[in-house]
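Chains, contacts and geometry: an overview
The chain contents come next:
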Amino acid sequence: GTLPPSGEQVFVNIPDKASISVILGQSSGLRAGEPGWLALQAATHALGLGFTSRLIGNVRDREGLTYGISAKLSDDTYRPGALKIAGTFAPSLLEKGLTSTRREIEDWWKNGITADELAYHQSAMTGKFLVGLETTEGLATQLMLCAQRGFEIKWLDDFPAMVLALKLEEVNTVIKQQLDPAKMVTVKAGTVN
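Residues numbered from 1 in each chain as written. Predicted model: local features only at pLDDT ≥ 70, side-chain atom pairs only at ≥ 80, totals over all residues. Heavy atoms only, no water.

**Topic: the side chain of Thr101**
With respect to the secondary-structure elements, Thr101 resides in helix α3 (residues 94-111). Taking the relative accessible area as the measure of exposure, Thr101 reaches 1% and is therefore buried. Beyond its immediate stretch of four places on either side in the chain, Thr101 contacts Leu24, Leu55, Val59, Ile69, Ile85 and Phe89. (Helix = DSSP H or I, 4+ residues; strand = E, 2+ residues; numbered from the N terminus. Buried < 20%, exposed > 50% of the residue type's maximum accessible area, 1.4 Å probe, protein only. Contact = heavy atoms within 4.5 Å.)

**Points about a nonpolar patch on the surface**
Nonpolar side chains collect at one region of the surface, where Val12, Ile14, Ile23 and Val187 lie side by side and expose about 270 Å² of accessible area between them. Within the secondary structure layout, Val187 lies in strand β5 (residues 185-190). (Patch = residues over 30% accessible without salt bridge, like charges linked within 9 Å, V, L, I, M, F, W, Y side chains within 5 Å. Areas by Shrake-Rupley, 256 points an atom, 1.4 Å probe, with all protein chains shown as cover. Salt bridge = Lys/Arg side-chain N within 4 Å of Asp/Glu carboxyl O.)

**Digging into the pattern of salt bridges**
The tally for this structure, following the rule as stated, stands at nine salt bridges. A salt bridge links Glu117 to Arg54; the nearest nitrogen and oxygen atoms lie 2.7 Å apart. Here Glu117, found in helix α4 (residues 115-132), pairs with Arg54, found in helix α2 (residues 54-62); they are 63 residues apart in sequence, far enough to count as distant. Its salt-bridge partner being Asp61, residue Arg60 comes within 2.9 Å of it at the nearest N-O pair. A relative accessible area of 28% places Arg60 in the partly exposed class. Sharing partners across several salt bridges, the network here consists of Arg54, Asp107 and Glu117.

**Quick look at the packing of aromatic side chains**
Counted under the stated rule, the structure contains five aromatic pairs. Pairing Phe129 with Trp155 gives two aromatic rings, centres 6.0 Å apart and planes at 90 degrees, and the pair type is edge-to-face. One end of the pair, Phe129, is in helix α4; the other, Trp155, is in helix α6 (residues 154-164), and 26 residues separate them in sequence. Take Phe129: its relative accessible area is 9%, and that puts it in the buried class. (Phe/Tyr/Trp six-rings, centres within 6.5 Å; stacked < 30°, edge-to-face > 60°.)

The following block contains the structure:
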């Protein structure tokens, strides 16, 4: 299908839904393995994966505006992928929660991440990856991804070093090169009062 125009907001009415599910997103313009893809993975990790990420740390924990929120890159194996930010909000907190979420995205896009954030998320990314390889299912999943993406199996051994080699400037540059918060599409699904 085709993507809605940039910045469009779509509301899907789901009767008797107690919360509002929201996805903000846009094309990342990058396929897995392309220059900048790994740097954008690290930047996205800092934005919304794990308890130390900005979205969880601020929108959920500090401000209490969401039941849960995350950011990830997806759908990038066969074509340029997408950045997806997904959150769940109480109807009464939806607008306040979206304002807070957009503030965090805008700051991340405009100012990038810090050296401390990068170091933490490099460690988290490599640790999670290595732990994932310890199960048969985890290893099989990564081997299948390598085959689908055209990566040599050696990529599994190289991944941690590639992540740890990322430079702050590279990570912060790719955020601005590939994304624009003003162009994000917002989809809300829930009950209309």
